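Fold and contact review
The chain contents come next:
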Amino acid sequence: MDFLLECIGFPPDHDLEALARLARERGETVAWRGPAGEHLRLDLGDGLELRMDREQGSAHWTLLPYFRANHRLRVAVETLEHPQDSPFDVLLTGWANPPARAADAEPSAESWHLSATLTDARRVPLDLLRGHVLALALAGFALDVEDVLPPSAGESDAAQARIGVVGGADAPGGCVELSLPVRSVRELANGLTRAAVVQIEVDAPGRPLELFVSPWQLEADGLPVPSPGSRIEGIFLLSGRVAGGIDGPSRRVGRAFG
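Described below are features of the structure shown in this document. Since the structure is predicted, the reported quantities are computational estimates derived from the model, not experimental observations.

Bringing the packing of aromatic side chains into the picture now. What describes a pair of aromatic rings is the distance from one ring centre to the other and the angle between the planes of the rings. Throughout the structure, instances matching the rule amount to 2 aromatic pairs. For the ring pair phenylalanine 141 and phenylalanine 212, a centre distance of 5.6 Å and an interplane angle of 20° mean the geometry is stacked. Of the two residues, phenylalanine 141 is situated in strand β8 (residues 133-149) and phenylalanine 212 in strand β12 (residues 209-212); the sequence distance between them amounts to 71 residues. Judged by its relative accessible area of 1%, phenylalanine 141 is buried. On the basis of relative accessibility, which here comes to 0%, the residue phenylalanine 212 falls in the buried class.

Okay, here's the thing in structure tokens:
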């Protein structure tokens, strides 16, 4: 999914082999993943990162975008598993903004179903009970922006908000399909390519969500750059880390996997 790198300022024609070499030379080891030297991060500034991973013994490196998200989202765990093609990630499904009390069986009006990839795999015990609430720091990267629309006349932001897990047996893990109003837009910069990166904050139910899109895809499809008050529709990969809700490391010595 090299095209996801367009979301953080790497053009479609960027030399990925040279980029991988640079990441190996300058990159830092990523905590809570696999063996040292196999999982690297290259800081691009403004919270943007390039992540590079490979399975031990493999010659193939995977390059993916990452952003140190500003918001924390409460998520009640539904399932946790290792993706087959990425054993040092955890694929989570769950419910965002669960009821404050565990005894409340009905989801709140702000609850929504999500799937996300957590990059700090060795920190997350797979035996967490269903319904356990984690605090997650997540950002979304566009697999496909389907439309950018002006505000719908007469509709509230709540009426416009739609978000849920991408369904189907062949659906990619960690992805949601959404139609959400844009709250704010901020221009960041990729410190390596100097390309502009558009950070979009959308009004997801209960808590804002930070999204990134490929300007090259928008241009090719004749779509405008999202602006405050517009609405964005598409499919996004959610990725990030656990920001709270699990035991300290001393209680997991010997249990961590990876």
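From this point on, the discussion continues.
This part takes up unusual backbone geometry. Unlike most non-glycine residues, asparagine 97 shows phi in positive territory, near 55°. Within the fold, asparagine 97 resides in the loop between β6 (90-96) and β7 (112-118). Overall, asparagine 97 belongs to the buried group, its relative accessible area being 10%. Within the chain, arginine 194 stands out as a residue other than glycine whose phi angle is a positive 70°. Tracing the sequence through the fold places arginine 194 in the loop between β10 (175-189) and β11 (196-202).

This part takes up the pattern of salt bridges. For the coordinates displayed, the defined rule picks out 11 salt bridges. A salt bridge links arginine 130 to glutamate 78; its shortest N-O distance comes to 3.6 Å. With arginine 130 in the loop between β7 and β8 and glutamate 78 in strand β5 (residues 73-81), this residue pair connects regions lying 52 residues apart in the sequence. On the basis of relative accessibility, which here comes to 22%, the residue glutamate 78 falls in the partly exposed class. Here arginine 123 and aspartate 120 are joined by a salt bridge, their closest N and O atoms 3.7 Å apart.

What follows covers the pairing of strand β2 (residues 39-45). Where burial is concerned, most of β2 is hidden: 5 out of the 7 residues are buried. Bridging between strand β1 (residues 28-29) and β2 involves 2 bridges; their strand directions are antiparallel. By the bridge assignment for β2, glutamate 28 is matched with arginine 41. Direction of pairing for β2 relative to strand β3 (residues 48-53): antiparallel, over a ladder of 6 bridges. Within the sheet, the bridge partner assigned to histidine 39 lies in β3 and is aspartate 53.

Looking now at the environment of glycine 167. With respect to the secondary-structure elements, glycine 167 resides in the loop between β9 (162-165) and β10. Between the C-alpha atom of glycine 167 and that of glutamate 177, which follows or precedes it by 10 residues, the distance is 9.1 Å.

Pairing geometry for β5 and β8, over 4 bridges, is antiparallel. Bridge pairing links valine 75 to leucine 134 in β8. In terms of strand pairing, β5 meets β6 through 6 bridges, oriented antiparallel. By the bridge assignment for β6, alanine 76 is matched with tryptophan 95.

As for its position among the elements, serine 86 is in the loop between β5 and β6. As a C-alpha pair, serine 86 and threonine 62 span 24 residues in sequence and 9.6 Å in three-dimensional space.

Basis of the calculations
- Residues numbered from 1 in each chain as written.
- Predicted model: local features only at pLDDT ≥ 70, side-chain atom pairs only at ≥ 80, totals over all residues.
- Heavy atoms only, no water.
- Phe/Tyr/Trp six-rings, centres within 6.5 Å; stacked < 30°, edge-to-face > 60°.
- Helix = DSSP H or I, 4+ residues; strand = E, 2+ residues; numbered from the N terminus.
- Buried < 20%, exposed > 50% of the residue type's maximum accessible area, 1.4 Å probe, protein only.
- Salt bridge = Lys/Arg side-chain N within 4 Å of Asp/Glu carboxyl O.
- Pairing = 2+ DSSP bridges.

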